Amino acid sequence: LKLKLGLIWCSLCVSRLVPIPTSASCKMPKENRFEVEYAKSNMSTCRVCMAKIPKEALRIGHFQVEPPLLENDRTAQEAAGAGEEKEEKDASNEDKRMDAISNATRWHHFECFPRMKGQKWMDKNLPSKPSSMGGFAKIKKADQKKLEKMWTAMLSDKTPATSSSSGALKRPAAAGETASKKAKKDTLAELTSPQGVLSDKDYKKVQKNESELSSMNAAQLRNELDLNKQVLSGKKEELVQRVAEGRALGALPRCPRCEKGRIHWSRIGGWHSCPGYYDKDLGATKRCYFRSKDVKRGKWKRSGKSKSK
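Reference entry: report on the structure contained in this document. (Residues numbered from 1 in each chain as written. Predicted model: local features only at pLDDT ≥ 70, side-chain atom pairs only at ≥ 80, totals over all residues. Heavy atoms only, no water.)

## Description of the side chain of E224
Note that E224 resides in helix 8 (residues 218-227). Residue E224 is classed as buried on the basis of its relative accessible area, which comes to 1%. Among the polar contacts listed, one links the side chain of E224 to the side chain of R247, at a separation of 2.8 Å. (Helix = DSSP H or I, 4+ residues; strand = E, 2+ residues; numbered from the N terminus. Buried < 20%, exposed > 50% of the residue type's maximum accessible area, 1.4 Å probe, protein only. Polar contact = N/O pair within 3.5 Å; in protein donor to acceptor, adjacent residues only side chain to side chain.)

What follows is the structure, given as structure tokens:
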């Protein structure tokens, strides 16, 4: 009897200390959605390169939505919401406002979209075919084919492992896997490195520089960018492109408006823009809305060399 009473007492203590999660408290992760269209204006900003997206340029959007609620989830929410006070309602409205901001579509240049996230995230969240994206049927046939080509290059090969005579799984041949990866990398390089506003002469210089810089590691590339006070963030492909453009065109100056931000430039539309800078005193980022096509570049310094470009 004492043992039974002890067990009952323990269960009561645990139930009070550790609340059992309900459907209302267990929030499901948001679903990722994608859409494609031609930019309606030149006011949207690419979330990768932070440069403006020109009007009528092909752009890809990413946004998140709440998953549909099951019937028991709705019942739990109604029960939890009964008897809420005004302060709680205000907090709920604030949450809705923040959700609306976080759920807004984030636009990207077509050429920048492959650098939006890492490979694992892309494999997990991208639809298997771009035709399932919103707006796909409305874009030109040539752009549909271009998008399909880029989609195939972005997603990893999911080659199933084969079984040996003993039943053990064998990995695919490394040589074939490497060749496939190289082909996809070349395809992405072809699609995401457009001539844009560059002259034929400058474009050839940039391409030559990119080829030479591909053997450098990220630390070496960032060292040269830091030497010229340029933007340091991004994947290796972005760093290669930034250094290649700098060697061919010169170094971008500090933002002439806020005087502290580092200018971003996109060869797609030729726009220079400044997203702002981090203010140490405020402990927050101060936004800057500088935007211009006319910015005078300075001399470019190569790391480990005294000679400037």
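Still more to cover.
## Focus: the packing of aromatic side chains
On inspection of all chains with the given rule, the structure shows 3 aromatic pairs. Where F34 meets F113, the ring centres are 6.1 Å apart and the plane angle is 85°; that geometry is what we call edge-to-face. Of this pair, F34 sits in strand 1 (residues 31-38) while F113 sits in the loop between strand 3 (106-109) and helix 4 (119-125), and the two are 79 residues apart along the sequence. No difference in accessibility class separates F34 from F113, as the two residues are buried. An angle of 80° between the planes, with centres 6.3 Å apart, marks the rings of F34 and W121 as edge-to-face. Remark: W121 occurs in helix 4 and F34 occurs in strand 1; sequence separation between them is 87 residues. Classification of W121 by relative accessible area gives partly exposed; the value is 22%. Between K117 and the ring centre of W121, over which it is positioned, the NZ or CZ distance is 5.6 Å. (Phe/Tyr/Trp six-rings, centres within 6.5 Å; stacked < 30°, edge-to-face > 60°. Lys NZ or Arg CZ within 6 Å of the ring centre and 35° of its normal.)

## Things to note about a positive patch on the surface
Taken together, the side chains of R47, R106, K117 and R287 present a region of like positive charge at the surface. With respect to the helices, strands and loops of the structure, R106 is situated in strand 3. Look at R106 and you get partly exposed, because its relative accessible area is 42%. (Patch = residues over 30% accessible without salt bridge, like charges linked within 9 Å, V, L, I, M, F, W, Y side chains within 5 Å. Areas by Shrake-Rupley, 256 points an atom, 1.4 Å probe, with all protein chains shown as cover. Salt bridge = Lys/Arg side-chain N within 4 Å of Asp/Glu carboxyl O. Lys, Arg positive; Asp, Glu negative; His and termini not counted. Charge placed at Lys NZ, Arg CZ, Asp CG, Glu CD.)

## Observations concerning helix 7 (residues 200-213)
Along an α-helix, residues three or four positions apart point the same way, because every turn accommodates 3.6 residues. Over its 14 residues, helix 7 extends 20 Å from the first C-alpha to the last, a length consistent with the 20 Å expected when each residue adds 1.5 Å. Regarding helix 7, the residues found buried are Y203, V206, N209, E210 and L213. Around the axis of helix 7, the buried residues are gathered within 125° of arc, so they sit on the same side. Exposed side of helix 7, more than 90 degrees from the buried face: D200, K201, K204, K208 and S211 are the residues found there. At its buried positions, helix 7 is contacted by helix 8 and helix 9 (236-249). (Expected span 1.5 Å × (residues − 1). Arc of directions from axis to C-beta. Contact = heavy atoms within 4.5 Å.)

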